[in-house]
Amino acid sequence: MAKMIKGNRILDVDAGRVEAYLKQGYNQVDNAGKIVKRATGGRSVSLQEHNKVLAELEALKGSPSVEKELEEVKKENKTLKSEITKLKKSLDEKKSE
C-alpha cells in the first residue's frame, strides 16, 4: 500500500495503481508525510507563480555568491582528485612490496 495526497485528501492505494494516481495530480508520501514522488500530471501553476520562479532562477544564475561557491567547489574537487591519485599510488606501492 502507498499513501497518496492531493490537497487535503489522503488515500491508501495499491502499489500497482501509484502511477495512475500520479498522473491524476496526487503526490506519493511516506508515513511522515514527506513527498516520495511528485505528481506527473493533473496540476497547473498560475502564471504569477511561474514568473516568480523564473525571476528567482535568473537571480541565482547571475549571483556572484553562487559563482564564487562554484569556483570553490571546483578547486576542492581538483584537490581531492589529486589526493586520491596519491593515495592510489601509495596503495599500489604497498601491494607490490
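What follows covers the packing of aromatic side chains. To describe a pair of aromatic rings, one takes the distance between the centres and the angle between the planes. According to the stated counting rule, one finds one aromatic pair in the structure shown. A centroid spacing of 5.2 Å and a plane angle of 80° characterise the contact between Tyr-21 and Tyr-26, whose relative ring orientation is edge-to-face. Tyr-26 matches Tyr-21 in its accessibility class, with the two residues each being buried. The residue whose ring lies beneath Lys-6 is Tyr-26, and the NZ or CZ to ring-centre distance is 5.5 Å.

The next subject is the confidence of the model for the chain. Taken as a whole, the chain shows an average pLDDT of 91; of its residues, 100% reach a score of 70 or greater. Strand β3 (residues 27-29) holds the highest mean pLDDT among the elements of the chain, 95, whereas helix α2 (residues 47-61) holds the lowest, 91.

This paragraph deals with the side chain of Asn-27. Inspection of the secondary structure assignment puts Asn-27 in strand β3. A polar atom in the side chain of Asn-27 sits 2.7 Å from the backbone nitrogen of Ala-39. Residues in contact with Asn-27, not counting those within four places in the same chain, are Lys-3, Met-4, Ile-5, Leu-22, Ile-35, Lys-37, Arg-38, Ala-39 and Arg-43.

Mapped onto the elements, Glu-69 comes out in helix α3 (residues 64-96). Using a relative accessible area of 52% as the deciding quantity, one classes Glu-69 as exposed. With 20 residues separating them in the primary sequence, Glu-69 and Lys-89 have C-alpha atoms 30 Å apart.

Direction of pairing for strand β1 (residues 2-6) relative to strand β2 (residues 9-13): antiparallel, over a ladder of five bridges. Residue pairing for β2: Lys-3 is matched across the bridge by Asp-12. Where β1 folds back on β2, the antiparallel hairpin that results is connected by two residues, among which Gly-7 adopts a positive phi of roughly 65°.

Reading the values: rules and limits
- Position numbers for residues start from 1 in each chain and track the written sequence from start to end.
- For a predicted model such as this one, the threshold for reporting local features is a pLDDT of at least 70, and the threshold for listing and counting side-chain atom pairs is 80 or more; totals across whole chains, interfaces and linings nevertheless cover every residue.
- Note that water and hydrogens are dropped before the side-chain values are worked out from all heavy atoms of the structure.
- Centres within 6.5 Å make a pair out of two Phe, Tyr or Trp rings, where for Trp the six-membered ring is used; the pair is then stacked when the planes are under 30 degrees apart, edge-to-face when over 60, and tilted otherwise.
- Each residue gets one of three labels from its accessible area relative to the maximum for its type: buried under 20%, exposed over 50%, partly exposed in between, using a 1.4 Å probe on protein chains only.
- By definition here, charges over rings are those cases where NZ of Lys or CZ of Arg is within 6 Å of the ring centre and within 35 degrees of the ring normal.
- The predictor rates its confidence in each residue with pLDDT, a number between 0 and 100.
- Numbering of helices and strands runs from the N terminus; a helix is a DSSP stretch of H or I covering at least four residues, while a strand is a stretch of E covering at least two.
- Whenever a nitrogen or oxygen atom comes within 3.5 Å of another N or O atom, the pair is scored as a polar contact, on the condition that within protein one atom can donate a hydrogen and the other can accept it, and that pairs from neighbouring residues in sequence are kept only if both atoms are in side chains.
- Contacts are assigned to residue pairs with any non-hydrogen atoms lying within 4.5 Å of each other.
- At least two bridges found by DSSP between two strands is the condition for calling them paired.

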